[in-house]
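Descriptive structure summary
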Amino acid sequence: MENVEHPLLNWIPNKLVETDGNIYFEWIYLGDKRYVDPFFDETLMKCKVHYNNSTRYKVVSSVENLIDWSAELVCVELKSLLFHVSRCGSTMMTQSLAISLQNIVVSEAPIIDQIIRSDFFDLDKKREVIKSVIALLGQKRFSEEKNLIVKLDSWHIFQIDQLRSIFPELPFVLLYRNPIEVLQSHAKLKGMHMVPNLLPASVFGISDEEIEVISFQQYGVVVLEKYFQAYLDFYGTDKNVVMYNYEEGMKSILERFLSFIDADYFVEEVDQMCERLTRHSKKGDVTFKGDSFTDDVLVIDLTKGNSLYEKLNSSMAKSLVTNIT
């Protein structure tokens with residue numbers, strides 16, 4: 001089935017607007033644009049020049065409209081949610097997956113983050129809206145499309161229990177990396193979650209008491225510690241989750257992931273996805289030669305971060321042994 005005649009074909013919600021106690025969604029027209037950019041907001045920027053998006057009028061809907069419409073469109077099957085600690089190969093992985101025309105890959109869609117962090121919904125309504133928006137982002141627009149894969153923002157790990165309640169049977173994936181390498185990458189160009197006050201510290205479970213004594217340099221370490229602990233907590237209790245360490249190599253991770261989500265690909269598609277791994281995650285025309293870090297010494301205490309990292313490795317090793325036996 002396809003959405004050939006549906007009036008919402010190629011329209012998706014892209015912004016949650018809260019004003020004077022009212023909530024509505026703005027929509028954007030995609031035209032023939034696929035989600036092939038490293039990040040979803042890059043695709044949205046390219047779509048804004050389309051005539052349907054450049055007029056003075058905005059297409060908007062109520063929350064209930066959005067929920068109802070999500071049930072009308074033909075959507076592809078959601079195959080997995082990807083969680084990551086940032087700078088751990090997640091963008092390289094999604095860019096590789098996007099090579100296959102069978103895949104719809106949504107990478108850090110701002111609207112998902114808006115909904116997750118919004119205080120305007122009760123818990124049940126928020127779950128319903130998240131499910132509806134993800135379905136709309138995965139509407140079947142091209143005949144080849146079969147699989148939807150959603151990469152979340154790194155801090156959404158702290159909402160993983162809520163997301164599991166929405167998708168109880170869905171495969172979840174946790175990507176992580178040696179903490180010093182993550183932090184060296186952020187030392188070159190910091191992500192917003194590694195800078196104090198760009199996102200509320202409470203998003204990461206950092207208390208007011210903690211934030212008062214954490215130095216600017218140490219803040220990113222604490223965020224990473226929180227990520228690692230959340231990974232350990234979920235991985236130790238959930239039965240439908242896998243965890244991959246960047247050190248395994250992205251080709252191995254990709255191949256294991258494709259098996260985990262139970263999707264069928266032609267051999268040529270897998271070869272093309274693996275070939276994409278040889279190029280830079282954000283610059284597809286540049287050969288990837290590995291990360292290069294400066295020799296600058298980071299003035300940080302990684303004692304706890306390293307300990308949690310080793311626990312993650314140990315938990316994953318035990319799980320692999322259990323699965324083999």
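Everything below is about the structure printed above this text.
Quick summary incoming for the structure in this document. (Residues numbered from 1 in each chain as written. Predicted model: local features only at pLDDT ≥ 70, side-chain atom pairs only at ≥ 80, totals over all residues. Heavy atoms only, no water.)

1. A short note on the environment of Gln-139
Summarising the element assignment, Gln-139 is placed in the loop between α6 (123-137) and β6 (147-151). With relative accessibility at 0%, the residue Gln-139 sits in the buried group. Considered as a pair, Gln-139 and Leu-9 are 130 residues apart in the sequence and their alpha carbons are 7.9 Å apart. (Helix = DSSP H or I, 4+ residues; strand = E, 2+ residues; numbered from the N terminus. Buried < 20%, exposed > 50% of the residue type's maximum accessible area, 1.4 Å probe, protein only.)

2. A look at the nonpolar core
Ranked by size, the top nonpolar core spans 102 residues in total, and within it Phe-25, Leu-81, Phe-83 and Phe-257 carry the most contacts. Take this core: its biggest share by element is twelve residues, from helix α10 (residues 216-235). (Core = buried A, V, L, I, M, F, W, Y, C linked by side-chain atoms within 4.5 Å.)

3. With respect to unusual backbone geometry
The backbone phi angle of Ser-86 is positive, close to 80°, even though this residue is not glycine. For Ser-86, the position within the fold is in the loop between β4 (77-84) and α4 (90-97). Look at Ser-86 and you get buried, because its relative accessible area is 6%. Unlike most non-glycine residues, Asp-262 shows phi in positive territory, near 55°. Along the chain, the position of Asp-262 falls in the loop between α11 (250-260) and α12 (267-276). Judged by relative accessible area, which is 62%, Asp-262 ranks as exposed.

4. Regarding the packing of aromatic side chains
Taken as a whole, this structure holds eleven aromatic pairs when the rule is applied. Between Phe-172 and Phe-234, the ring centres sit 6.0 Å apart and the planes meet at 25°, which makes this aromatic pair stacked. Placement of Phe-172 in strand β7 (residues 172-176) and of Phe-234 in helix α10 is noted, with a sequence separation of 62 residues between them. This pair shows no difference in class: Phe-172 is buried, exactly as Phe-234 is. Through pairs of rings, three or more aromatic residues link up here, namely Phe-83, Phe-172 and Phe-234. Note that Arg-164 overlies the ring of Phe-172, its terminal NZ or CZ placed 3.8 Å from the centroid. One Lys or Arg, Arg-177, reaches over the ring of Tyr-246 and ends 4.0 Å from the middle of that ring. (Phe/Tyr/Trp six-rings, centres within 6.5 Å; stacked < 30°, edge-to-face > 60°. Lys NZ or Arg CZ within 6 Å of the ring centre and 35° of its normal.)

5. Observations regarding helix α3 (residues 63-70)
Within the span of α3, buried status applies to Val-63, Leu-66, Ile-67 and Ser-70. One face of α3 carries all of its buried residues, which in axial projection span an arc of 95°. For α3, the elements touching its buried residues are β1 (11-19), β2 (22-29), β3 (59-61) and α6. (Arc of directions from axis to C-beta. Contact = heavy atoms within 4.5 Å.)

6. Concerning the side chain of Lys-151
Here Lys-151 shows up in strand β6. Residue classification places Lys-151 among the buried positions, given a relative accessible area of 1%. Here Ser-90 takes part through its side chain, which lies 3.2 Å from a polar atom of the side chain of Lys-151. Sequence-distant contacts of Lys-151, defined by excluding residues within four places in its chain, comprise Phe-39, Leu-82, His-84, Ser-90, Thr-91, Thr-94, Val-106, Ser-107 and Glu-108. (Polar contact = N/O pair within 3.5 Å; in protein donor to acceptor, adjacent residues only side chain to side chain.)

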